[in-house]
Structure formats: structure tokens, C-alpha cells
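The primary structure of each chain is shown beneath.
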Amino acid sequence: MNTPGTLIRFGALALVWGSSFLWIKIALTGLSPVQIAVVRTALGAAVIVALVYARGHRLPRSRTAWGHLTIAAIFGNVIPFILFAVGEKTVDSGVAGVINSTTPLWTLAIGLLLGFEKQRGGARLAGLVLGFAGTLLIFAPWERSGLASWGALACLAAAASYAVAYVYIGRTLSGQGLTSMQLSSTQLVIGTGLTTLVVPVAGLQPVHLNLGAVVAVVILGVLGTGVAFVINYRLIADEGPTNATTVGYLLPVVSVLLGAAFLGEALSVRVVAGMVVVLFGIALTRRRPVTVVAPVDTRPVQPVILK
């Protein structure tokens, strides 16, 4: 990862995804959580679908694929997009970004629980325990100033929902002959439809449009949900999935810095310490045990992408 183009894409992706929590906070000044989720999903879908057809591809026609992607859209778009916006009504954007960084921990935990993850290893298990210990430190339910609120729990549930989607996609859609862009575009199309169905139930609040809210939700949809995936797709092609996913380590740092710089958010030493512990735990879970038994499996690792 030492070419100028790759470094620029890496930095751009970290900035776009890490700033998503800032844009959600600003968009909440004019839109409700469900309304934000609908607009960002629709804009992201429009960007990626246009790119799919521009490259001469089309959306999959298989009913099985659409059925699996419906489940993926529920857990990978509808639930987390709404819950992060709900959470940020009471939680700072920087804290939301820190909580989002627990997604790889949930992914590994689900894989181990369901028996999908075979590479246990002492370091990976230690990383899992350490990561969740860091999460507990962030929430600090034993302190009156802790983050154990409904908003923080909504963000944590959103991070876990992302993990469910990643595990489900890895188990049902890998090796089906569809490109990542085809899968993502279809998932966002379905996600747009499903989130729209939620509007009559929980998204009919009055809209108070202002320039900041409009700009924020457009950036969140076009860049944070659409263009960001294209950048990530190029990074995976150039650097491989394992190297590409290291961008996840920068997301909470970016969200914290942007929240402090533009929204005046302050973080306690405890939350910062918890973030460091979580990231160190994630680093341990990414370690792969070294084997000397031939043949060596050189297939790429399924990437876990944080948003």
C-alpha cells in the first residue's frame, strides 16, 4: 500500500466512511431517522446501479439471490441505518463511530457461536474478549456518567446488525458468480424499498429542511453509501481484501476528530481508552494462525467492511 493512488484512495475511504456519523448528526436537524435512512439508501443505490449498468452488467435475476439479499438488506441497511440515526439523537457522532468499530468483534462472535468460524486460536479469542472488555469500558454501566443509554444501545445493536449481514452474505452468496457491485447494488435497491415501507409506521414526522440537513444527507447517500463502495472495491482489487479492511481502524479516529472539530463534542478519557482497547482487540482477532501443513489455502479472506 505504498503507491500514491492507493494511499489517496485509502485516506479518502477512511474520511468518507468516518465522516458518516457527522453527516447523520447534521441531517437529524431537519429529518427523522427513518427519513435519513430512506434518502441515503436511495441515493447510494442510484450511484451503484448506474455504475453497474455503465460497466455492461445488470442486476441478478435469480429469485434465490434476491431472497438472500433481502435478508442482507434488512440487517445490513434497514436496521443499522435507522438505529444509528436513532442513537445519534442522544449520542455524540464520535461515540457512535467508536461503537461502530465493534462490528468485527460481533462478526467473529457470531461465526464462533454458529460454528462458521473454524480458526479459533488463542490470540483471536483473547482479542474477542479484550474487544468486548473495551466496549464495556466505553459504556461504563457502573458509573452515572456511563453511556448505557437507549441511544448508545441502539448504536451497539446497529453494529451487531452489520455483523449479522456480513456473516449471512458470506454463508449464502459467496461463490454464486455475482460481482460485489451486483450484490451491493441489488441489496441497496431492496433496502430502499424496505425502508420506504417503514415510513408510514415511523417516518411521518414533520420535515424541517435546512441547507445543512440537505447537504448532509446528500453527501451521506452519494458519497458515504455509494461512491465509498466503489473506492473500497478498487482497494480490494489492488491490495487484496485483508489489506483493504485495515481502513476500519481509522474510522473511529476520524469520527472522533470530526465530531470534536465541527460539533464541539468532547470525549472522556474512559471512552478514548475503551476505543484503544477495542481496536487492539480487533487487531488480535485479525491474526491468522501460522501453519506448515501443505497445501496452503491461498484463497482471499472474505472482507468485513465497516461503514
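Calculation notes
- Residues numbered from 1 in each chain as written.
- Predicted model: local features only at pLDDT ≥ 70, side-chain atom pairs only at ≥ 80, totals over all residues.
- Heavy atoms only, no water.
- Buried < 20%, exposed > 50% of the residue type's maximum accessible area, 1.4 Å probe, protein only.
- Helix = DSSP H or I, 4+ residues; strand = E, 2+ residues; numbered from the N terminus.
- Contact = heavy atoms within 4.5 Å.
- Core = buried A, V, L, I, M, F, W, Y, C linked by side-chain atoms within 4.5 Å.
- Axes fitted to C-alpha atoms, helices over the stretch in contact; angles between N-to-C directions.
- Parallel < 35°, antiparallel > 145°, perpendicular 65-115°, else oblique.
- Left-handed = near helix turned anticlockwise from the far one by under 90°.
- Phe/Tyr/Trp six-rings, centres within 6.5 Å; stacked < 30°, edge-to-face > 60°.
- Nonpolar A, V, L, I, M, F, W, Y, C, P; charged D, E, K, R; others polar.
- Polar contact = N/O pair within 3.5 Å; in protein donor to acceptor, adjacent residues only side chain to side chain.
- pLDDT = per-residue confidence, 0-100.

### Details of helix α2 (residues 20-27)
For step 1, the next point in the chain: Across the 8 residues that make up α2, a large majority, 6, are buried.
For step 2, the next point in the chain: What α2 keeps buried is the set Ser-20, Phe-21, Leu-22, Ile-24, Lys-25 and Ala-27.
For step 3, the next point in the chain: The inward-facing, buried residues of α2 abut α1 (4-18), α3 (33-54), α4 (63-87), α5 (93-100), α10 (211-239) and α12 (251-263).

### Section: the nonpolar core
For step 1, the next point in the chain: Counting 42 residues, the largest nonpolar core has Ile-36, Phe-84, Ile-99 and Ile-138 as its most contacted members.
For step 2, the next point in the chain: Here this core gets 6 residues from one element, more than from any other, and that element is helix α8 (residues 150-172).
For step 3, the next point in the chain: Setting aside residues up to four positions removed in sequence, Phe-84 forms contacts with Phe-21, Ile-24, Ala-96, Asn-100, Cys-155, Ala-158, Ala-159 and Tyr-162.

### Describing the packing of helix α6 (residues 103-114) against helix α13 (residues 269-285)
For step 1, the next point in the chain: Packing of α6 against α13 leaves a shortest axis separation of 9 Å and a crossing angle of 45 degrees. One finds that α6 runs oblique with respect to α13. When the axes of α6 and α13 are compared, the crossing they make is left-handed. Taken together, the residues of α13 that come into contact with α6 (itself represented by Pro-104, Leu-105 and Leu-108) are Val-278, Gly-281, Ile-282 and Thr-285.

### Some thoughts on the side chain of Thr-285
For step 1, the next point in the chain: Considering the arrangement of structural elements, one finds Thr-285 in helix α13.
For step 2, the next point in the chain: Look past the residues within four positions of Thr-285 in its chain and what remains in contact with it is Leu-105, Leu-108, Arg-124, Gly-127 and Leu-128.

### Describing the packing of aromatic side chains
Two aromatic rings are characterised by how far apart their centres lie and by the angle between their planes.
For step 1, the next point in the chain: This model, assessed by the stated rule, comprises 4 aromatic pairs.
For step 2, the next point in the chain: Taken together, a centroid distance of 5.4 Å and an interplanar angle of 70 degrees make the contact between Phe-21 and Phe-84 edge-to-face. Linking Phe-21 in helix α2 with Phe-84 in helix α4, this pair joins segments that are 63 residues apart in sequence.
For step 3, the next point in the chain: Owing to a relative accessible area of 2%, Phe-21 belongs among the buried residues under this scheme.
For step 4, the next point in the chain: By relative accessible area, which is 2% here, Phe-84 ends up buried.
For step 5, the next point in the chain: Look at Trp-106 and Phe-132: their rings are 5.0 Å apart centre to centre, the planes differ by 70 degrees, and that puts the pair in the edge-to-face class.

### Quick notes on the packing of α4 against α8
For step 1, the next point in the chain: Axis separation between α4 and α8 bottoms out at 8 Å; the angle between their running directions is 165 degrees. For the element pair α4 / α8, the angle class is roughly antiparallel. Viewed along their axes, α4 and α8 form a crossing whose handedness is left-handed.
For step 2, the next point in the chain: For the contact of α4 with α8, the per-class residue count stands at 20 nonpolar, 6 polar and no charged.

### Remarks on the environment of Thr-192
For step 1, the next point in the chain: Mapped onto the fold, Thr-192 is located in helix α9 (residues 180-202).
For step 2, the next point in the chain: Look at Thr-192 and you get buried, because its relative accessible area is 17%.
For step 3, the next point in the chain: Contact partners of Thr-192, with chain neighbours within four places excluded, come to Thr-41, Ala-42 and Ala-45.
For step 4, the next point in the chain: Here Thr-41 takes part through its backbone oxygen, which lies 3.4 Å from a polar atom of the side chain of Thr-192.

### Describing the side chain of Asn-77
For step 1, the next point in the chain: As for its position among the elements, Asn-77 is in helix α4.
For step 2, the next point in the chain: Polar contacts involving the side chain of Asn-77 include one to the side chain of Gln-187, which spans 2.9 Å.

### What to know about the confidence of the model for the protein chain
For step 1, the next point in the chain: Confidence in the prediction for the protein chain averages 87 pLDDT; 89% of positions are at 70 or higher.
For step 2, the next point in the chain: For the protein chain, helix α11 (residues 241-244) is the element with the lowest average pLDDT, namely 62, and α2 is the one with the highest, namely 97.
For step 3, the next point in the chain: Predicted confidence is poor over residues 292-306, with pLDDT under 50, and the contacts of this stretch with residues over four places away or in other chains come to 24 contacts.

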